[in-house]
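In case you want the letters, here they are:
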Amino acid sequence: MISEKMRPMIAGSSVIRAMFEEGIKMAAIYGKENVYDFSLGNPNVPAPDCVRQAILDIVNGEDPVMVHGYMPNAGYEDVRRAVADSLNRRFGMDYGPENIIMTVGAASGLNDILKTILDPGDEVLVFAPFFGEYGSYVGNYDGKLVIVPPDTDTFQPNLEEMEKRIGAKTKALIVNNPNNPSGVVYSEETIRRMAEILERKSREIGHPILVISDEPYRELVYDGVQVPYIPKFYKDTVVVYSYSKSLSLPGERIGYLAISRQVTDWEDVAAAATIAHRILGSVNAPSLMQRVIMRCVDATTDIQVYDRNRMLLYGSLKEYGFQCMKPEGAFYLFVKSPDEDEARFCQVCKEHRILVVPGSSFACPGYVRIAYCVSYEQIERSLPAFQEVAKAYGLL
Ligand code: PLP
């Protein structure tokens, strides 16, 4: 019954699904507290108080017909204005409500903008390692994902390799900063150099290359690190944002697209993305959550919780002899597999009841991703198991 196009997608998604099911089975056997599941990027910090208060105020105080009704497909105008004003204050932009489209999280924003720009066979560049769903999203519109290999010394984008892959078919580049899975924040210097190359190459190929800046982790940064706002450096940039991580609302599905006036043909792009949002079936972003965003537009999560986890896990793994970059953002550690076969390393971890995701799921074999958006106590409890794994590989 299912389409030929869906078959490889089922096969491709089985690694994480199998791990998820394995985690449930293991918890039933060993007890939930004895299984150290670091596989999912599901925030463990509750949404900030202002979210709960906003929901109560809206449900008790706003017109229920309005709160639960249809609205313009791009979202409520007052909400879009609040988002635009916040971005203008924070990044010195000149967005108005007409530049913002409320979306059903980043996944929906990415699909909207890809549907807006892609013709079959168009190419979308992405820097490895990257969030594996991009491949499916680009494939939805018969685009071709072109992977730029990683620079595993720094995990900054490999710009020389990017340049080599730009050609007449290149339509866009997806940039995810702070990065899932590496935890690295791409520096201003890197973004400037990237912008120079893209401008030059856009002239050469005769059409603009759109940067799709996927930034659900923008607010999750440590040690005062700054995340460059790409539209300030490269005009043809559309920002895809999500409140899944910054407000711990992944199940509520809320985010936005920001299409600035500097983007080539921005009015057409915004009109097409709004239609894409409707015809992909989302119609409009969840109404109640839009009203919440209006009231919590500048709220963020308690970053201290993730920072404490980061320091404990990073410090301990380094002490046990594992190699990894100190993450500057998001809530992931990307650890070099001490086994040449990273799948076997994941299996050894699993034998010690530790669940981690193989780097090949992010187009970066030889590494594993550890999501530390879990309780501090889970990390503490898992440390002896990590020590055992380190001993098994002669690191300790
Ligand atoms: N982009 C990246 C890099 C992500 O890590 C995720 C989710 O983990 C998403 C997009 C999708 O986020 P959302 O829940 O807002 O759809």
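Residues numbered from 1 in each chain as written. Predicted model: local features only at pLDDT ≥ 70, side-chain atom pairs only at ≥ 80, totals over all residues. Heavy atoms only, no water.

**Student:** I would appreciate a short explanation of the site of the ligand in the present structure.
**Tutor:** The environment of the ligand is formed by 14 residues, the closest being A106, D214, Y217, S242 and R253. A distance of 2.9 Å separates an oxygen atom of the ligand from a polar backbone atom of A107. Taking K245, its side chain carries an N or O atom lying 2.9 Å from an oxygen atom of the ligand. For the ligand, the accessible surface in isolation is 400 Å², of which the surrounding protein chains cover 92%. (Near = heavy atom within 4 Å. Polar contact = N/O pair within 3.5 Å; in protein donor to acceptor, adjacent residues only side chain to side chain. Areas by Shrake-Rupley, 256 points an atom, 1.4 Å probe, with all protein chains shown as cover.)

**Student:** Explain the pairing of strand β4 (residues 144-148) to me, please; I cannot follow it from the model alone.
**Tutor:** Side-chain direction in a regular strand flips from residue to residue, so the side chains alternate between the two faces of the sheet. Pairing of strand β3 (residues 123-127) with β4 involves 5 bridges; the strand directions are parallel. Paired with V124 across the two strands is L145, which belongs to β4. Handedness of the β-α-β unit built from β3, helix α7 (residues 133-140) and β4 comes out right-handed. (Pairing = 2+ DSSP bridges. Helix = DSSP H or I, 4+ residues; strand = E, 2+ residues; numbered from the N terminus. Right-handed = clockwise from strand over helix to strand, strands pointing away.)

**Student:** I keep staring at the packing of aromatic side chains and nothing clicks. Help me out?
**Tutor:** Given two aromatic rings, one states the distance between the centres and the angle between the planes to describe the pair. Here the structure, examined in full by the defined rule, presents 18 aromatic pairs. An angle of 85° between the planes, with centres 5.6 Å apart, marks the rings of Y217 and F331 as edge-to-face. Taken together, the residues Y217 in the loop between β6 (210-214) and β7 (237-242) and F331 in the loop between α12 (303-319) and β9 (332-336) connect sequence positions 114 residues apart. Judged by its relative accessible area of 0%, F331 falls in the buried class. Consider the rings of F334 and Y367, whose centres lie 5.2 Å apart with planes at 10°: the pair is stacked. (Phe/Tyr/Trp six-rings, centres within 6.5 Å; stacked < 30°, edge-to-face > 60°. Buried < 20%, exposed > 50% of the residue type's maximum accessible area, 1.4 Å probe, protein only.)

**Student:** Hey, could you run me through the state of the cysteines in this one?
**Tutor:** One covalent bond between the sulfur atoms of two cysteine residues makes up a disulfide. Summed over all chains, the structure comprises 0 disulfides. Distance from the sulfur of C364, which forms no disulfide, to the nearest cysteine sulfur (C346) is 13 Å. Judged by its relative accessible area of 2%, C364 is buried. (Disulfide = S-S within 2.5 Å.)

**Student:** Explain the pairing of strand β12 (residues 367-371) here, please?
**Tutor:** Burial analysis of β12 places 5 of its 5 residues in the buried class, which makes it a mostly covered element. Both faces of β12 are covered, namely the face carrying Y367, R369 and A371 and the face carrying V368 and I370. Sheet analysis places β9 next to β12, joined by 5 bridges and oriented antiparallel. From the neighbouring strand, K336 faces β12, where its bridge partner is Y367. Strand direction decides the pairing type here: strand β11 (residues 357-358) and β12, joined by 2 bridges, are antiparallel. Bridged to V357 within β12 is R369.

**Student:** Would you explain the layout of surface pockets in this entry?
**Tutor:** The rolling of a water-molecule-sized probe over the atoms marks out the regions of remaining empty space. By volume, the second largest pocket is sized at about 490 Å³. Residue lining of the second largest pocket: 20 residues in total, with K32, V35, D37, V374 and Q378 positioned closest to the centre. With 4 residues, helix α2 (residues 14-30) is the largest single contributor of residues to the lining of the second largest pocket. Partitioning the lining of the second largest pocket into residue classes produces 10 nonpolar, 6 polar and 4 charged. (1 Å grid on protein atoms, 1.4 Å probe; cavity = no way out; pocket = protein on both sides within 12 Å on 5 of 7 lines; lining within 4 Å. Points joined across faces, edges and corners; volume = space filled by probe spheres on them. Nonpolar A, V, L, I, M, F, W, Y, C, P; charged D, E, K, R; others polar.)

**Student:** Explain the packing of helix α6 (residues 105-117) against helix α10 (residues 266-279) to me, please; I cannot follow it from the model alone.
**Tutor:** When two helices pack together, their arrangement is captured by the angle between the axes and the distance separating the axes. Contact pair α6 / α10: the axes reach a minimum separation of 8 Å and the direction vectors enclose 120°. The orientation of α6 relative to α10 falls into the category oblique. The two elements α6 and α10 meet at a crossing, and its hand is right-handed. Within the contact between the two elements, α6 uses S108, D112, I113, K115 and T116 and α10 uses V269, A272, A273, A276, H277 and I279. Considered class by class, the residues forming the contact of α6 with α10 number 6 nonpolar, 3 polar and 2 charged. (Axes fitted to C-alpha atoms, helices over the stretch in contact; angles between N-to-C directions. Parallel < 35°, antiparallel > 145°, perpendicular 65-115°, else oblique. Left-handed = near helix turned anticlockwise from the far one by under 90°. Contact = heavy atoms within 4.5 Å.)

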